[in-house]
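Report on the structure
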Amino acid sequence: MMKTIGLLGGMSWESSAQYYALLNREARARLGHPHSARSVMLSVDFGEIERLQHAGAWDALAERLAGEARAIEAAGADCLVLCTNTMHLVADRIAAAIGIPMLHIADPTGAAIRAAGITRIGLLGTAFTMEQPFYRERLEQRFGLEVLLPGAEARAAVHRIIYEELVGGVIREESRARYRTVIAELAAAGAQGVILGCTEIGLLVGDGDSEVPLLDTTRLHALAALEFALG
């Protein structure tokens, strides 16, 4: 029988909805109609999470999300999928709180990058994901990648668009143009591809917005979860 995927979502629900759709569409594609993915989701209030993020209250966030992860395990999940890149900053503490495997979002991303023959990769995401070492170092140490970041002004723009627009489902052409520019600048600096390292970024840009491959972490993470479930 298919294993049950545990989804810790709501960060933001805009991208969590994409996880749910991706899992079910892919399950149907692989298994045929009318199959769908076995899953259980706990969706948090992102207003509370975002406030703690910008206050730098990572200990409180780790404790809060570890408790939510335990609830997902108790609901019968066989694995945990944390439906956000940023909160993988406390992934080790969440994983330590549960007895089921946690599927880290950077791992299927790193594997896809290596499979594409890419060694120098650009990274877009929240300021937390781009500027703190937790994400970049996992890619460097586990997958031997060189990770390139946008400049400070570009990082600030990418972060602002995520929090002021994308998490609220707001899609603006001027923001798409700004992201295209940042991606082009990373490519000009030597990036052979760019990670869409925030689960909402795929709502704004896709392959048609870049001359180098774009790695959508939301899609890669969801597909890894389904691979686990199908065993």
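As a starting point, this report considers the structure included with it. (Residues numbered from 1 in each chain as written. Predicted model: local features only at pLDDT ≥ 70, side-chain atom pairs only at ≥ 80, totals over all residues. Heavy atoms only, no water.)

**So, the sheet that holds strand β2 (residues 39-43)**
Note the following rule: The criterion for strand pairing is that DSSP finds at least two bridges linking the strands in question. A run of DSSP states H or I qualifies as a helix once it reaches four residues; a run of E qualifies as a strand once it reaches two. Both are numbered from the N-terminal end. Only the stretch in contact is used when fitting a helix axis, every axis being a line fitted to C-alpha atoms; angles between N-to-C directions are given from 0 to 180 degrees. Here, residues are in contact when the closest pair of their heavy atoms is within 4.5 Å.
Read from one edge of the open sheet, three strands run β2-β1-β3, paired in parallel fashion. The open sheet is flanked by β2 and β3 (79-82), the only strands paired with a single partner. Taken over all neighbouring pairs, the strand axes of this sheet differ in orientation by 20° on average, direction set aside. Note that strand β1 (residues 5-9) and β2 share five bridges and pair parallel. From the neighbouring strand, Leu8 faces β2, where its bridge partner is Leu42. Each of β1, β2 and β3 is contacted by helix α3 (residues 58-74), which is oriented at about 150° to β1, the strand it contacts most.

**Observations concerning helix α9 (residues 173-188)**
The cut-off we apply is this: A helix's residues, less one, multiplied by 1.5 Å, set its expected span. Per-residue accessibility, obtained with a 1.4 Å probe over protein chains only, is compared with the maximum for each type, and a residue is labelled buried under 20%, exposed over 50%, and partly exposed between these values. Each direction from the helix axis to a C-beta atom contributes to the arc, which is the arc of those directions.
Counted at 1.5 Å a residue, the expected span for α9 with its 16 residues is 22 Å, and the 22 Å between its end C-alpha atoms agrees. Every buried residue belonging to α9 is among Ser175, Arg176, Tyr179, Val182, Ile183 and Leu186, and all of these are buried. Burial along α9 is one-sided: seen end-on, the buried residues are contained in an arc of 120°. The exposed residues of α9 that point more than 90 degrees off its buried face are Glu173, Glu174 and Ala188. Structurally, α9 contributes buried residues whose contacts are with β4 (120-124), β5 (146-148), α8 (152-164), β6 (193-196) and β7 (214-216).

**Concerning the layout of surface pockets**
Where we set the bar: Here a cavity means grid points, on a 1 Å grid over the protein atoms only, where a 1.4 Å probe fits yet cannot get out; a pocket means an open set of points with protein on both sides within 12 Å along at least five of seven lines; lining residues are those with an atom within 4 Å of a point. Grid points are joined across faces, edges and corners, and a volume is the space filled by probe spheres set on the points.
A volume near 190 Å³ is recorded for the largest pocket. Along its surface, the largest pocket is lined by His88, Leu89, Val90, Ala91, Asp92, His104, Phe134, Glu137, Arg138, Gln141 and Arg142. Of all the secondary structure elements, the ones that give two or more residues to the lining of the largest pocket are α4 (91-96) and α7 (133-143). With five residues, α7 is the largest single contributor of residues to the lining of the largest pocket.

**Quick word on helix α2 (residues 46-54)**
Filter applied, for reference: Polar contacts, as used here, are pairs of N or O atoms within 3.5 Å; protein pairs need one atom able to donate a hydrogen and one able to accept it. Residues neighboring in sequence count only if both atoms are side-chain atoms.
Regarding α2, the residues found buried are Phe46, Ile49, Leu52 and Gln53. Taken end-on, α2 shows its buried residues confined to a sector of 130°, consistent with a single buried face. Contact partners of the buried residues in α2: α3, α6 (127-131) and α8. With a side-chain oxygen positioned 3.0 Å from the backbone nitrogen of Gly47, the residue opening α2 is Asp45. At the exit of α2 stands Gly56, carrying a positive phi of roughly 70°.

**Topic: the environment of Glu26**
Structurally, Glu26 can be placed in helix α1 (residues 13-31). Classification of Glu26 as partly exposed rests on a relative accessible area of 22%. When the C-alpha positions of Glu26 and Leu226 are compared, they lie 7.9 Å apart, and in sequence the two are 200 residues distant. Leave out the neighbours within four places in its chain, and Glu26 touches Leu223 and Leu226. Of the polar contacts made by the side chain of Glu26, one reaches the side chain of Arg30; its length is 2.8 Å.

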